[in-house]
Amino acid sequence: MTDSIWMSEYQSLEDETARRAAIGTPRVTSTTSVTTERSTYGAFTVDSTELGPYFCGSPHHDLLHHVLDNVVGWWPSDIYPEMVRHGVALEFGVGDGTSLRCIASHLPVVGFDSFEGLPEDWREGYPQGSFRFDPPRNLPPTAALVCGTFEEVLPTYGFEGAHPVRLVNIDCDLYSSTKMVLKHLPWPNMIHSKAVIHFDEFHGFDGAEDHEQRAWRELEDDIGFMPKYEVIGHGHQAWAIRLL
């Protein structure tokens, strides 16, 4: 099933240009507000220059929607100028499939999850086993699932032979799970395609600095370098960047 995702048809630049001319350039929804003030999120105080603009709207995935509509949906002309919407997304932590379906409406996506819930306690109110779901059914043809723990699946998964990775959605919650994902991502592929990385729980709660955030800050030690990136922005707990 994942082979069909990697081999999805490319869309020509001419077709995409015509499509966007018909619908207009995507804009941030009216429910989104932006602030540049210094803010405190649980035990972690950060400056907005590090987290970027604040996209605050009613949907839980407001920042992800912004990324899909305004960042991922159109490639700069210096990368594969002859085609756009060329590539795939990866999601780590699928849950009930809500964000997977959202991503699949924009580009092909492969979701990774054990569907057994959190492998260990996270923060207060989320013990081991939280977020246990049956694998979502009736997914669109642009979505595929890889079932299994990250430790079992990622070390041998053939990322480097894939189409360019345009988006990585990290909804791992835990430090250990996020660290495993970051260690095995296809970084040369992602840097070449200027991929977006979206963390779903990067900040905004007590102990945030000990989980997805900590794994990101340790990335250089894990892979030998820290990729260059620009900050896209943050949501209630999410944070998004684009590799350069």
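Residues numbered from 1 in each chain as written. Predicted model: local features only at pLDDT ≥ 70, side-chain atom pairs only at ≥ 80, totals over all residues. Heavy atoms only, no water.

Asks: Even after reading the chapter, I still don't get the overall build of the protein chain, so can you show me in this structure?
Replies: A tally of regular secondary structure across the protein chain gives 10 helices and 11 strands. Of the accessible surface of the protein chain, which amounts to about 11600 Å², a share of 51% is contributed by carbon and sulfur atoms. (Helix = DSSP H or I, 4+ residues; strand = E, 2+ residues; numbered from the N terminus. Areas by Shrake-Rupley, 256 points an atom, 1.4 Å probe, with all protein chains shown as cover.)

Asks: Please explain the sheet that holds strand E5 (residues 88-92) as it appears in this structure.
Replies: Spatial strand order, E7-E6-E5-E8-E9-E11-E10: seven strands in an open sheet with mixed pairing. At either margin of the open sheet sits one strand with a lone partner, and together these are strand E7 (143-147) and strand E10 (229-234). The average angle at which neighbouring strand axes cross in this sheet is 15°, direction not considered. Pairing between strand E8 (residues 165-170) and strand E9 (residues 196-199): four bridges, direction parallel. Residue pairing across strands places Leu167 opposite Val196, the latter belonging to E9. Contacts between helix H7 (residues 175-184) and the sheet are confined to E5, E8 and E9, with E8 contributing the most and set at about 165° to the helix. (Pairing = 2+ DSSP bridges. Axes fitted to C-alpha atoms, helices over the stretch in contact; angles between N-to-C directions. Contact = heavy atoms within 4.5 Å.)

Asks: What is the right way to read unusual backbone geometry from this model?
Replies: The general pattern is negative phi for most residues beyond glycine and trans for most peptide bonds. A positive phi angle, close to 55°, is found at Asn138, a residue other than glycine. Looking at where Asn138 falls in the secondary structure, it is placed in the loop between strand E6 (109-113) and E7. Even without glycine at this site, Lys194 takes up a positive phi of about 55°. With respect to the helices and strands, Lys194 occurs in the loop between helix H8 (187-192) and E9. Judged by its relative accessible area of 24%, Lys194 falls in the partly exposed class. (Buried < 20%, exposed > 50% of the residue type's maximum accessible area, 1.4 Å probe, protein only.)

Asks: What is the right way to read the layout of surface pockets from this model?
Replies: Any space left empty among the atoms is revealed by the rolling of a water-sized probe across them. In this model, the largest pocket occupies a volume close to 720 Å³. In this structure, the largest pocket is lined by 36 residues; those nearest its centre are Gly93, Asp113, Phe131, Asp171 and Asp173. Its residues placed into classes, the lining of the largest pocket shows 10 nonpolar, 15 polar and 11 charged. (1 Å grid on protein atoms, 1.4 Å probe; cavity = no way out; pocket = protein on both sides within 12 Å on 5 of 7 lines; lining within 4 Å. Points joined across faces, edges and corners; volume = space filled by probe spheres on them. Nonpolar A, V, L, I, M, F, W, Y, C, P; charged D, E, K, R; others polar.)

Everything listed here is a matter of coordinates, which is why it stays silent on function.
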